[in-house]
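Commentary on secondary and tertiary structure
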Amino acid sequence: MIISSTHDYRLAAKRRLPPFLFHYIDGGAYDEHTLARNVADLCDLALRQRVLKEVGEVDLSARLFGEAVSLPVALAPVGLTGMYARRGEVQAARAAASRGVPFTLSSVSVCPIEEVQPAMTRPMWFQLYVLRDRGFMKNALERAWAAGVRTLVFTVDMPVPGARYRDRHSGMSGPFAAWRRVLQAVTHPRWAWDVGLRGRHWCTWDHVF
């Protein structure tokens, strides 16, 4: 498949990933109205074009939360990144570090923070859901601090978990979900070999299969 735009990456992901994973990362909660509005708002942003200007010394560096970054962007937390690509969180961390921008590790990452941290050449950021299990939160914060994390990203937009309708259809949840995921993995041998088998060395995947 020829990748020539961001839209092609979505199509490539749809081809490669088992449906339960593709629809999990591609979808949103309920009827996905908020997701659609977010996409529309991003599409409405336009760069202001300036012509006949000196561009020989363009400097895109900035400071975010006291950190010097090469671009005014950061990699946001993406849940289960290691399910989309083998050791996906590690790959994303290396990519961010190579470009001098922050990487935010998700609370629901596949790769543990102790594996991701050595891939970084700068302190990573860490996303934390506010959960009732204070023991889990305390342990997560202690491990993040030990890994050099000094910037915490709180996720506060989910006081009540949203119903993800797509997940019940795709096999992420719903009747016979585990068996449906196994069948999908079998019918996507490239993903099953590269991610499902070769990507298991640090963790168990009981929450998936």
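In this text the structure is predicted, and so the values were computed from the model without any measurement. (Residues numbered from 1 in each chain as written. Predicted model: local features only at pLDDT ≥ 70, side-chain atom pairs only at ≥ 80, totals over all residues. Heavy atoms only, no water.)

A look at the pairing of strand 4 (residues 125–129)
Selection criterion: Each residue is assigned to one of three classes by its accessible area relative to the maximum for its type, calculated with a 1.4 Å probe on protein chains only: buried under 20%, partly exposed between the two thresholds, exposed over 50%. Helix and strand assignments follow DSSP, with helices taken as H or I runs no shorter than four residues and strands as E runs no shorter than two, numbered in order from the N terminus. At least two bridges found by DSSP between two strands are what make those strands a pair. We call a crossover right-handed when, viewed with both strands directed away from the observer, the connection leading from the first strand over the helix to the second proceeds clockwise.
Strand 4 sits mainly inside the fold: four of its five residues count as buried. Of the pairings in the sheet, the one linking strand 3 (residues 104–105) to strand 4 comprises two bridges and is parallel in character. Paired with T104 across the bridge in strand 4 is W125. Alignment of strand 4 against strand 5 (residues 151–155), held across five bridges, turns out to be parallel. Looking across to strand 5, one finds that W125 is bridged to T151. Taking the sense of rotation as the criterion, the β-α-β connection linking strand 4, helix 7 (residues 134–146) and strand 5 turns out right-handed.

Thoughts on unusual backbone geometry
One non-glycine residue with positive phi stands out, namely Y30, at about 55 degrees. Tracing the backbone shows Y30 in the loop between helix 2 (19–26) and helix 3 (33–44). Assessed through its relative accessible area of 44%, Y30 is described here as partly exposed. Non-glycine residue E32 carries a positive phi angle of around 65 degrees. Of note, E32 is situated in the loop between helix 2 and helix 3.

Considerations on the confidence of the model for the chain
Put simply, the rule reads: Each residue carries a pLDDT value, the predictor's own confidence for that position, ranging from 0 to 100. In what follows, residue pairs with any heavy atoms lying within 4.5 Å of each other are defined as contacts.
Taken as a whole, the chain shows an average pLDDT of 90; of its residues, 96% reach a score of 70 or greater. Segment residues 202–209: pLDDT under 50, and 22 contacts once partners within four positions in sequence are set aside and those in other chains are kept.

Quick word on the pattern of salt bridges
What counts is decided by this rule: The working definition used for a salt bridge is a side-chain nitrogen of Lys or Arg within 4 Å of a carboxyl oxygen of Asp or Glu.
Applying the stated criterion to the full structure yields 11 salt bridges. E114 serves as the salt-bridge partner of R143, at 2.8 Å between the closest nitrogen and oxygen. You can see R143 sitting in helix 7 and its partner E114 sitting in helix 6 (residues 113–116), a full 29 residues away along the chain. For R143, a relative accessible area of 34% gives the class partly exposed. R164 is paired through a salt bridge with D167; the nearest N and O atoms lie 2.9 Å apart. Exposure remark for R164: the relative accessible area of 25% places this residue in the partly exposed category. One network of salt bridges, with partners in common, ties together R10, D26, E32 and R166.

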